[in-house]
Amino acid sequence: MWLRDALLTFCRWCNGSFFGHGIRDSVWLFPFVEIFHLIGLGILGGTILMLNLRLLRLAFRTEETARLARDVQPWMLSSLAVMLISGFLLFSTEAVKMYGNWAFRTKMSFLLLAIIFTFTIHRKVVAADESRVKAGWRVSVALISLLLWSGVGLGGRAIGYVTTSASSVTGALLP
Ligand code: HEM
């Protein structure tokens, strides 16, 4: 109950913020920010796919997994930062509507799980000496990672198809 109210208060604040207003009232700022969201998506998706194809031994077989992980890490971290910042800015333009949008909520749930999984179990498996990781565990970790990040992307794509009227969420007109 208190969490729901706190989230709604946060969404209202984002909606009324200068950056939420500024992007919402501008003709070109929203698509401009979305360009970064899409470029970040391509780079982040690419690094995650490369690592998991290697774990599944479907590609990059001549590369040592730990070394590949070290090489792609700067791209993964910087593109994730771009996704989080650009996503927050997109979100701030219609935060109260996003609050009631089940696709957005699903996406954020997958995103939280994907980030926790990537920086704990997945990171441990890609950094480990390959001969010490059981094949079944290596394949499972790769498949779980692909599933979680696909959930984020599909949730993001679905946002635009799920319409939420603000008044149905807040029971009141937006300020
Ligand atoms: C790594 C994380 C993320 C991924 C992979 C991701 C992926 C996507 C995708 C695939 C789309 C659809 C783009 C389109 O087809 O137009 C999208 C849109 C969107 N994302 Fe993200 N996203 C991420 C993080 C975030 C975060 C953290 C937020 C907010 C806090 C966010 C907010 C949004 C919003 C509001 C849209 C809808 C834009 C619209 O109305 O067209 N995203 N995202």
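Once a new chain begins, its residue numbering starts again from 1 and follows that chain's sequence as written. Only residues with pLDDT of at least 70 get local features here, since the model is predicted, and only at 80 or more are side-chain atom pairs given and counted; chain-wide, interface and lining totals rely on the full set of residues. As a convention, hydrogens and water are excluded, and side-chain values are obtained from all of the structure's heavy atoms.

**Some words on the packing of helix α2 (residues 18-25) against helix α4 (residues 65-93)**
- Running from amino to carboxyl end, α2 crosses α4 at an angle of 80°, the nearest separation of the two axes being 8 Å. By the angle class used here, α2 and α4 are roughly perpendicular. Within the contact between the two elements, α2 uses F19, G20, I23 and R24 and α4 uses F88, L89, S92 and T93. Lines fitted to C-alpha atoms define the axes here, with helix axes fitted over just the stretch in contact, and angles between the N-to-C directions of these axes take values from 0 to 180 degrees. Only runs of H or I of at least four residues qualify as helices and only runs of E of at least two qualify as strands under DSSP, and these elements are numbered from the N terminus. Convention used here: angles under 35 degrees read as roughly parallel, angles over 145 as roughly antiparallel, angles from 65 to 115 as roughly perpendicular, and any remaining angle as oblique. Contacts were defined at the residue level, with two residues in contact if any of their heavy atoms lie within 4.5 Å.

**Remarks on the packing of helix α6 (residues 102-127) against helix α7 (residues 135-159)**
- Look at α6 against α7: their axes get within 8 Å of each other, and the N-to-C directions meet at 155°. Here α6 is positioned roughly antiparallel relative to α7, judged by the angle of their axes. Crossing handedness for the pair α6 and α7: left-handed.
- In this count, Pro and Cys sit with the nonpolar residues alongside Ala, Val, Leu, Ile, Met, Phe, Trp and Tyr, while Asp, Glu, Lys and Arg are called charged and the others, Gly among them, polar. Class assignment of the residues belonging to the contact of α6 with α7 gives a composition of 19 nonpolar, six polar and two charged. Helix crossings get a hand from a simple test, with the near helix turned counterclockwise from the far one by less than a right angle marking a left-handed crossing and a clockwise turn marking a right-handed one.

**Some remarks on the coordination of the iron atom of the ligand**
- Each metal site lists N, O and S donors within 2.8 Å (3.2 Å for Na, K and Ca). With water left out of the atoms, a site can look as if it is missing ligands. Distances from the iron atom of the ligand to its protein donors, H37 (NE2) and K107 (NZ), fall within 1.7 to 2.1 Å.
- Tetrahedral means four donors with every angle between 85 and 135 degrees, whereas square planar (four donors) and octahedral (six donors) require angles over 155 degrees between opposite donors and between 65 and 115 for all others; sites fitting neither are termed irregular. In this structure, the iron atom of the ligand is coordinated by six donor atoms arranged in octahedral fashion, with angles at the metal of 85 to 179°. Within this pair, whereas H37 is found in helix α3 (residues 29-55), its partner K107 is found in helix α6, the two being separated by 70 residues in sequence. The two residues H37 and K107 agree in class, both being buried. The rule is simple: take the accessible area with a 1.4 Å probe, protein chains only, and divide by the maximum for that residue type; under 20% is buried, over 50% is exposed, in between is partly exposed.

**Considering the side chain of T93**
- For T93, the position within the fold is in helix α4.
- At a separation of 2.6 Å, a polar atom in the side chain of T93 contacts the main-chain carbonyl oxygen of L90.
- Leave out the neighbours within four places in its chain, and T93 touches N15, G20, I23, R24 and F30. Under the rule applied, a polar contact is a pair of N or O atoms within 3.5 Å (in protein, one hydrogen donor and one hydrogen acceptor; residues adjacent in sequence only if both atoms are side-chain atoms).

**Structural notes on the site of the ligand**
- Near the ligand lie 24 residues; those nearest to it are E34, H37, G87, K107 and R157.
- Within the contact set of the ligand, a nitrogen atom lies 2.9 Å away from a side-chain nitrogen or oxygen of H37.
- Only α3, α4, α6 and α7 provide two or more residues apiece to the shell around the ligand.
- Ranked by residues supplied to the shell around the ligand, first place goes to α4 with seven residues.
- Broken down by class, the residue content of the shell around the ligand amounts to 16 nonpolar, four polar and four charged. Only a single heavy atom is needed: when it lies within 4 Å of a molecule or strand, its residue is near that molecule or strand.

**Structural notes on unusual backbone geometry**
- Here the phi dihedral of R57 falls at roughly 60°; this positive angle occurs in a residue that is not glycine.
- Within the fold, R57 resides in the loop between α3 and α4.
- Of the residues examined, R57 reaches a relative accessible area of 37% and is grouped as partly exposed.
- Even without a glycine there, the phi angle at F60 is positive, about 55°.
- Among the structural elements, F60 can be located in the loop between α3 and α4.
- F60 gets classed as partly exposed once you look at its relative accessible area, which sits at 32%.

**Focus on the pattern of salt bridges**
- What makes a salt bridge here is a side-chain nitrogen of Lys or Arg within 4 Å of a carboxyl oxygen of Asp or Glu, nothing more. According to the stated counting rule, one finds five salt bridges in the structure shown.
- Across the pair E130 and R54 runs a salt bridge, and its minimum N-O distance is 3.1 Å. Of the two residues, E130 is situated in the loop between α6 and α7 and R54 in helix α3; the sequence distance between them amounts to 76 residues.
- Exposure remark for E130: the relative accessible area of 22% places this residue in the partly exposed category.
- A salt bridge links R57 to E130, with the nearest nitrogen and oxygen atoms 3.4 Å apart. Of this pair, R57 sits in the loop between α3 and α4 while E130 sits in the loop between α6 and α7, and the two are 73 residues apart along the sequence.

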